[in-house]
Every structure is written in C-alpha cells, then in structure tokens.
Amino acid sequence: MIIPRPQNMRLFDEKIKVEGLNLCGDNADFAERYLAHFLPISTEHSSENVNVMLKCESGFSAGGYKLITGSPTEIYFSEKEGLRNALSSLVQLIVKKEDGYYITKAETEDFSSCRYRSVMIDLARGLPPIVRLKEDLKRLALAKCNNVHFHLMDEMGICFESDVYKGTENIRGTKPYTKEEMRDIVEFCHTLGIKVLPEIEIPAHAGFLLNIRPELKCKTDIENQSVWTVCAGSDKTYEFYDALIAEIVSIFPYEYIHIGGDELYFGDFPEWNDFCHWEECSVCRAVMEKNAMRDKWDMYNYMVTKMHGIVKKHGKKMMMWNDQIDLNRPIAVPRDIVMEFWRVSDKNRGPREGCTYERLTENFSVINAYYFMNYIDCENYATPEKASTYNYLEYPKTKHTENVKGGEICAWEYGNPTVDHYALSFACSTAVMLDKLWNTSDVLYTADYRRALTRLVLGCDTPDNYDMTELFGSVIPPRTSGKKTYLDKGAEPDAEFYPRHIKALLQIKNTYSPEYLKKLTESIEEQ
C-alpha cells in the first residue's frame, strides 16, 4: 500500500531486486534529482542498462500518471507534476531486505480528486532549523502535495532578512533566514515539484511593523492606541507594501501572492481599543469622505482593491483570507481574487449576515482551509476520526463546487520553538490529510495503512512490518502534552532514528539501528 491511496492500483507478490535506478526518457534530469532526495541507492539518467522508462504523452488529467513497476519500470504522464506524483509512488514501492533493495511489482493508473493540494507553514512565529523544514517538505512531496504556503510575517516581524521590512532580529529567539536561505528553500521546493505561495499581512497583525515604522500608524487622539492595524488611508502604507511585494517577487517566482487580510476588528473586546482606528483616524476619514465611504468595511474594500492593483502591477495574482469580506453588501473588491476560506467571522469580529461559505463560493474561486477540519495545530481540529471521512467539497458543503479549487492544511505556530508537537505530529497529520485531498473516498486505518504511513515518514529502509503508530496509539500523534502517548510504552533503545526531527522517534531514544528495528518488528509480530 502507498499513501496517498491511488485511485486504481494492482499490487503483486513479486519483488524485483534493484542495485540502482537508470532513468531514460522525458524529464529524466528532474526525476534523477527528485529520487535522490529519498533513495539510498544510486539514481542517474543514462542510455545504458535502463530500468526506468519515462514517457510524456497526452491523455492524462492534471497530475495524473500511469506507473508499471517491473523490468523495466515504465512511467507515463502528461506534465511534470504527473511525473513527480508517479515518482512519489515509486519511492514508496521500494523496500529494503537483508540482501538489498527491491521494487514491488505493481500497476497503477492514478489521478487526484483535488487539483490544488496545499500545506500552510507558519514561519512568522518562530523559525525551525532549515534542515528540519526541508525534511518536512520532502514528506509533503511524497504525499503528493503540490503547493506550500509560507506565512512570512505577523505581529512578531518577518521571517527573512528583508531590505524593506528591516528590524526583525529574532522571532522567539530564532534568527530570520537570509534572503539567500529563503531562495534556497524555494529552489528546494522546485526540485520536489512544489510551488510556493508567499503570504504577507495587511492590514492587521502589524504590531512589530508599527513599532519600527510608526509612520504607518493611524493618526488619532486615542491614548494607548492599538498597533494591530496599519493606516489604510495613508499613501505611505501602500508605498511600503509595494516595495515589500517587489522584494518578495524577487524571491518567490510563482503565480500568486497572499496578502493576509484577516482579523481586522475585535469589537467584542473594547478594552483592546477595538484594534482598528480607521473611523477615528484623520487620514482615513479624509479618504472616506472623498470617496463617499460609510464605515471601516468600505475602507477595507478600498484597501483590498489598492493591494490588488499593486500585486497585479508586479505581474502576480492575489489570494487572501476570507473572514473580513462582507458579502451582505455589493461586492466591491475584484472578483478575480482567490479567497481562502477559514471561517465566517465570530460575532462582533467582522461581517456575518450573508457571509456564508455558500455565498463565498458563489462569487469567488475558493481554497478550502476550514479551520475546524484543516488546521493541524490543535487537538480537536484535524483528528483521525474527522480525517477518515473528510472531503474538501463537503466540509463545508456548497452547491458551487466548480469554484472550489482545492484544499489547504494549516500548520499555525509551526516554527514556534515553544510548540513542540509538530516535531511529533507534522509528518503524520499532513500525510493523512493530503491522502484525503488526493482520494476523497473514506479511509480505514488498517494495519496496511499504518505501515504505509510509517514508511512514508521514515523511508524505504523501514522494515515492512514496522508500525510506528503503535507507539502513540493513533495515526496522528497527540498534540497536547496532557494526553498519554507512546512515552508510556517504556521503550528504551539507544541509537538514532531517521528523520531526526520527528520527536515521536527521538523520544524512544533515537533508534534507527537495524538491530533495534528487527527486535521491535519481531515483538510487534508476536503481539
């Protein structure tokens, strides 16, 4: 078995020994680089001793492929993403035995139920070591993720050494990446067949920005004025974001830029100064009067439209969070903006009447990132029970499914050094959810499924019968420290597990020695 579960696959008992992979055909150079990320055996493209044939031909849906493993292995695809997906399946069909590596014989014709399969990684609340981030990106690629969304800036600063947004020395004690490191990460994603969506933040989550750039604050007489929201009426605000987007375009060479746009207003917490002062700001009021605006929500539409023009000027398309778009009024923002749905606003925190998911999908192209199902930061969101029946077209439900372009899994606080569960939960939770974006049929967490998940996370050196989920009692490890986990099992081996950043395996004393795994496999078989 492999993850994501293919739409059509026949597995055979036969396994074919392989010393290395000699690739020949279309996009062989990409295939060689991709496989080298995952396989301990040699991979090269050559016209001699060829055992993997690559052929680009018409007839496959976007990302679809045909894979026949054997002597030789044959891969058919219509676009490079289809090849990447076939290679991801091939990697999971390679197993290690005592005398070497073998390819499991199989015939697969596969395609995705969901065209846009994304994971949002929050780098704005702390930055992980790059080696850990790359390990997680590799596992996203194996799970056939085709987009990753980097949340670059928030109330604590920006995650790279920007020449425009200067001043972020550290975020929770973690040093921002250099621009060269950021470009290296983007290039690494490219070798994995993953596109990168950069996200900035406007107008909210602006605390650090307004402390170092006070000229972007609203002009009011309010004592202890909130620094949550930038001034939407000031030309200086748009000059800053214009320059920032120009810098981001030089790092991220992809189609879209995400501008944030969420959580503008907290009217249920007046002691927080309501967070937004546009109606009290002399600069914003002048713009509102000039353009016959009624209130802050008209001003919000003005800001969104201005940002749309800046993004378009730089040759990009715009995406944003949905929760502050008021669909109970005439839609005053460009309709070609892609809306990322995460929720309808809470009471007194934004528009509610008429702002349903149904209305959103009726009027915009939408990426479904519904927090109750798709957020993997909290225990009660993306649970194994919910994931087993998850369908990005059903949660929430809409009759305008043609406008739902895909789904996104959100890892908020991913880089926060005080949030340690991602080292344990990220690879497993994203694999399970990406499986359901690829194949929306219900999944049972059988022994075969759990072992396939283990192999996806730990690699092809993992013994066939090893099930790491036995150690923590779930296909998604617990994300709250108060719950009993694998730690209660009392395992005390002493070597080192791979990959190192997965805390579930570090906590069993870092073992990836063949001797230990053999003993562990035997003990599981005995049970």
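Source: prediction; values computed, not measured. (Residues numbered from 1 in each chain as written. Predicted model: local features only at pLDDT ≥ 70, side-chain atom pairs only at ≥ 80, totals over all residues. Heavy atoms only, no water.)

Visitor: Before we go on, may I ask you to explain the packing of aromatic side chains in this structure?
Guide: Remark: the centre distance and the inter-plane angle together describe each pair of aromatic rings, the angle taken between the planes. Tallied over the entire structure, the rule returns 28 aromatic pairs. A centroid spacing of 6.4 Å and a plane angle of 35 degrees characterise the contact between Tyr165 and Phe208, whose relative ring orientation is tilted. A residue pair is termed long-range when its members are at least 10 positions apart, and Tyr165 in the loop between β12 (157–158) and α4 (179–191) and Phe208 in helix α5 (residues 207–212) qualify at 43 residues. Judged by relative accessible area, Tyr165 falls into the buried class, the value being 2%. (Phe/Tyr/Trp six-rings, centres within 6.5 Å; stacked < 30°, edge-to-face > 60°. Helix = DSSP H or I, 4+ residues; strand = E, 2+ residues; numbered from the N terminus. Buried < 20%, exposed > 50% of the residue type's maximum accessible area, 1.4 Å probe, protein only.)

Visitor: Please clarify how helix α6 (residues 235–249) should be interpreted in this entry.
Guide: An α-helix turns once per 3.6 residues; consequently, residues spaced three or four apart project the same way. If you check α6, its first and last C-alpha atoms are 21 Å apart, about what 15 residues at 1.5 Å a residue would give, namely 21 Å. Taken residue by residue, α6 has Thr237, Tyr238, Phe240, Tyr241, Leu244, Ile245, Glu247 and Ile248 as its buried positions. The backbone nitrogen of Lys236 has a side-chain oxygen 3.1 Å away, supplied by the residue at the start of α6, namely Ser234. (Expected span 1.5 Å × (residues − 1). Polar contact = N/O pair within 3.5 Å; in protein donor to acceptor, adjacent residues only side chain to side chain.)

Visitor: Mind showing me how you'd approach the side chain of Thr469 here?
Guide: Locating Thr469 in the fold gives a position in the loop between α13 (447–458) and α14 (503–506). In terms of polar contacts, Thr469 uses its side chain to reach the side chain of Asp467, at 2.6 Å. Not counting residues within four places of it along the chain, the set of residues in contact with Thr469 comprises Arg450, Leu453, Thr454, Ser474 and Val475. (Contact = heavy atoms within 4.5 Å.)

Visitor: Explain the pairing of strand β14 (residues 256–260) to me, please; I cannot follow it from the model alone.
Guide: Remember that side chains alternate between the two faces of the sheet whenever the strand is regular. Among the five residues in β14, four count as buried, and that is most of the element. For strand β13 (residues 195–202) and β14, the ladder comprises two bridges, and the chain directions are parallel. Residue pairing for β14: Glu199 is matched across the bridge by His258. Sheet topology places β14 next to strand β15 (residues 317–321); three bridges connect them, and they run parallel. (Pairing = 2+ DSSP bridges.)

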